[in-house]
Every structure is written in C-alpha cells, then in structure tokens.
Amino acid sequence: MDTKSLINIDDININELSMLIKVAQRLKAKDFDYNELLKHRIMASLFFEPSTRTYFSFVSAMYRLGGTVLGFPQAAATSIAKGESIEDTVRMMAAYADLLVIRHPEIGICKQLAKLVEIPIINAGEGTGEHPTQTLTDLFTIYEHFQNYKITIALYGDLKYGRTNHSLLLAGARLGINFICIAPEELQMPEEYIKKAKQLGAKVKFTSTINDYIKEIDVLYVTRLQKERFPAHMNYERFKHSFAVGSVLAQQLKANSIIMHPLPRVNEIEEAVDYDSRAKYFLQAANAVPMRMAIILFCFPHLWGQVLEN
Ligand code: NCD
C-alpha cells in the first residue's frame, strides 16, 4: 500500500502544507463526513519522552477518524525496560498497527526506523531536533488569524534546545515569514537552522531583549526553557527569569498581534495574559486535533486523494 511518512518539516512541500491547512480547516468546521475514514485502522503511539498534548491529540484525532489506538505514553511499561532495542520494538509494533507515531530523544531516529518498516511513521518530537506536527498546528493557528503569512514571528524562549522553534523557522522561511530570534546568546537558534532559513530567503534578526523589536512582532511565539535538555555545565537558575510575558509587555504588542506557546508553560506567561484576546495558546492546543487528523489522512495517499476530491 502506498503510504507517506512525516519525519522532518521539509518532507512536505508548500503545496502540501497549504492543503493540510485547508483540510484541517474543513475538519474543524465538520464540513464533511470523516467519522469512518480510518475505520479498522490502528495507530500505534510510541512515546519515549513525556507528553500531554501531542500524545492525546493524536489519540483523539485517530478516534475521531474512526480508527483505534494502541501504544504507550512511556517506555517503562514495555520490554524496552527489559533491554529490548527500539528497532525490535518498532518492528513488532509495525505488525500490530497501520501507522506509527513516535517521540524519542534521539535526533534522526525516526528516519532510521522508517527504513525497517513499511507503514508510515510520524515524528512526534525528536530530542532537540524537530517537531513537524507541532509546526503544522502552529501554522494552522497563524493562518486562521492572519489569513496570510506576510508576518514577522518573534521566537522568544529556549531557541537552542526547543525543537518547536526549529521546525517553525524552517517552514516559516519557505512561506516568506520573517523572524526575530530573542534569547540570551547561550540559548540562541543553532547555526544549522539559521543557515537553512537564510538560504530560503528569510530575514532573521537576533537580539536578547524583546523591547528592541516589540512593534515589529505579529506573532510572539513563546517557549519554555528545556531544563531537562540542559547539559550539566549550564545553570538553569541563571536563565530561569530570561523570558516573561505579563500584562505590561502584552500591552506593548501590536493590537492585531497574537501570543502563542506550544505548551507546557512553566512560568513564561503570566495567567493574567490568558484573558487577553490575543492569547492563542489554548486555541493552538485545540487546533492540534483537526491538524493531526489531516496529517494522519495525509499518510495514506489514497484516502488523502479522496478527501481532496470531496
Ligand atoms: C513541546 C515539545 O514537546 O517539544 N510540547 C508540545 O509538543 N506541545 C514543547 C515543550 O516541551 O516545551
């Protein structure tokens, strides 16, 4: 059977990206009958790192398409704990399911695993690398608000270890979005992503102080410090208060700007900001379901074809 995996954000072209957003919009509007499209299909969710939104929004997406789900939210409950390799685990799961959704700390693992199995693999977050399905959800939420990509996104947070920033920069650059990377030097965007984004023609600026460019920001994309990924020599306490979005800062943002966060937030955004109509992070989390439904359909080209014709 013809299938497609989604491992890096570059695996999809701009046309596919805009189709995914269109389909997600239609799924959200319940514009067509999708309840049985994935009937009798099984998704296996293999999560080797903690997750709330990604795990459960994929599960919800699969159920809403009429499919079923098996898998684990942490590897401790599986034979991995007995020393089984991820390769063997994935080979087995491929016999039990039609689609694998994998989150793992090692960059490049999904690509390696995809060589072992014939069913599609979706990367649900790979260590400090990429998180392509989050980016599609983010772009969906951005498009819903602005109806175009003629915008400037400020990436404000841990740009070094935060994978959502990496995929968003790469996809955004292809869409003509400009970026401002706001972080202390030690947590700035890694060179490899900057290089790629610039090659794609994106304008990328860098600063450690948000006030420098506050009036240019259309999307303030906040992320938490990836404390668990910090090497031993980096002192978390030193950076703990580097990012803070409160009402005073929100007031300075443009009236038509939006505030996003892939969540979980730790203490980067004050609760008071939740009541600002420009705060879109809970909407962003909810949009993950229709977008991940679209992504699952995309992995099965014959179904995707049907949906596009519909
Ligand atoms: C993010 C992740 O796992 O990279 N969460 C998510 O999937 N929504 C962000 C994070 O953990 O900081």
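Summarised in this report is the structure supplied together with it. This one's a predicted model, so the numbers in the text were calculated from it and none came from an experiment.

Criteria and cut-off values
Residues numbered from 1 in each chain as written. Predicted model: local features only at pLDDT ≥ 70, side-chain atom pairs only at ≥ 80, totals over all residues. Heavy atoms only, no water. Phe/Tyr/Trp six-rings, centres within 6.5 Å; stacked < 30°, edge-to-face > 60°. Lys NZ or Arg CZ within 6 Å of the ring centre and 35° of its normal. Pairing = 2+ DSSP bridges. Helix = DSSP H or I, 4+ residues; strand = E, 2+ residues; numbered from the N terminus. Axes fitted to C-alpha atoms, helices over the stretch in contact; angles between N-to-C directions. Contact = heavy atoms within 4.5 Å. Near = heavy atom within 4 Å. Polar contact = N/O pair within 3.5 Å; in protein donor to acceptor, adjacent residues only side chain to side chain. Areas by Shrake-Rupley, 256 points an atom, 1.4 Å probe, with all protein chains shown as cover. Core = buried A, V, L, I, M, F, W, Y, C linked by side-chain atoms within 4.5 Å. Buried < 20%, exposed > 50% of the residue type's maximum accessible area, 1.4 Å probe, protein only. Expected span 1.5 Å × (residues − 1). Arc of directions from axis to C-beta.

1. Topic: the packing of aromatic side chains
Reasoning step 1: Scanning all chains against the criterion turns up 11 aromatic pairs.
Reasoning step 2: Considering the side-chain rings of Phe-32 and Tyr-34, the 6.2 Å spacing of their centres and the 80° angle between planes classify their relative orientation as edge-to-face.
Reasoning step 3: Grouping aromatic residues by their ring pairs yields a cluster made of Tyr-161, Phe-230, Tyr-236 and Phe-239.
Reasoning step 4: The positively charged end of Arg-41 is found above the aromatic ring belonging to Phe-300, 5.0 Å away from the centroid.
Reasoning step 5: The aromatic ring of Tyr-236 is capped on one face by Lys-227, whose charged end is 4.7 Å from the ring centroid.

2. Looking at the sheet that holds strand S2 (residues 68–72)
Reasoning step 1: One open sheet accounts for 4 strands, arranged S2-S1-S3-S4; its pairing is parallel. Both outer strands of the open sheet, S2 and strand S4 (121–126), are each paired with one neighbouring strand and no more. Put simply, the sheet's adjacent strands are angled 15° from each other on average, direction ignored.
Reasoning step 2: Of the pairings in the sheet, the one linking strand S1 (residues 42–47) to S2 comprises 5 bridges and is parallel in character. Within the sheet, the bridge partner assigned to Met-43 lies in S2 and is Val-69.
Reasoning step 3: The sheet strands contacting helix H3 (residues 86–96) are S1, S2 and strand S3 (99–104), and the helix crosses S3 at an angle near 155°.

3. Observations concerning the site of the ligand
Reasoning step 1: Neighbouring the ligand are the residues Thr-54, Arg-103, His-131, Gln-134, Arg-163, Thr-164, Arg-224, Gln-226, Pro-262, Leu-263 and Pro-264.
Reasoning step 2: Interatomic distance of 2.8 Å between a side-chain N/O atom of His-131 and an oxygen atom of the ligand.
Reasoning step 3: Relative to its unbound accessible surface of 310 Å², the ligand loses 94% to contact with the protein.

4. Concerning the nonpolar core
Reasoning step 1: The biggest cluster of nonpolar side chains holds 95 residues, and the ones touching the most others in it are Leu-139, Ile-153, Leu-155, Leu-220 and Ile-296.
Reasoning step 2: A per-element tally of this core places helix H10 (residues 281–298) first, with 9 residues.
Reasoning step 3: When neighbours within four sequence positions are excluded, Leu-155 is seen to be in contact with Asn-165, Leu-168, Leu-169, Phe-179, Ile-180, Cys-181, Ile-182, Met-189 and Tyr-221.
Reasoning step 4: Counting 19 residues, the second largest nonpolar core, distinct from the first, contains Ala-44, Leu-46, Met-93 and Val-117.

5. With respect to helix H2 (residues 53–64)
Note that an α-helix has 3.6 residues per turn; residues three or four places apart therefore point the same way.
Reasoning step 1: Taking 1.5 Å per residue, 12 residues should reach 16 Å; H2 reaches 16 Å between its end C-alpha atoms and fits that length.
Reasoning step 2: Those residues of H2 that sit buried are Thr-54, Tyr-55, Ser-57, Phe-58, Val-59, Ala-61 and Met-62.
Reasoning step 3: Here the buried face of H2 lies against S1, S2, S3, S4, helix H5 (132–146) and H10.
Reasoning step 4: Following H2 by one or two positions, Gly-66 adopts a phi angle in the positive range, close to 90°.

6. Remarks on helix H11 (residues 301–309)
Reasoning step 1: For H11, every residue scored as buried is listed here: Leu-303, Trp-304 and Val-307. Along H11, the residues classed as buried sweep out an arc of 100° about the axis, all on the same side.
Reasoning step 2: Contacts from the buried residues of H11 go to helix H1 (14–28) and H10.

7. Concerning unusual backbone geometry
Reasoning step 1: Leu-263 connects to Pro-264 through a cis peptide bond whose omega is 5°.
Reasoning step 2: With respect to the helices and strands, the residue Pro-264 is situated in the loop between strand S9 (258–260) and H10.
Reasoning step 3: Backbone geometry places His-40, a non-glycine residue, at a positive phi of 70°.
Reasoning step 4: Assignment of secondary structure puts His-40 in the loop between H1 and S1.
Reasoning step 5: One non-glycine residue, Gln-147, lies in positive phi territory at about 65°.

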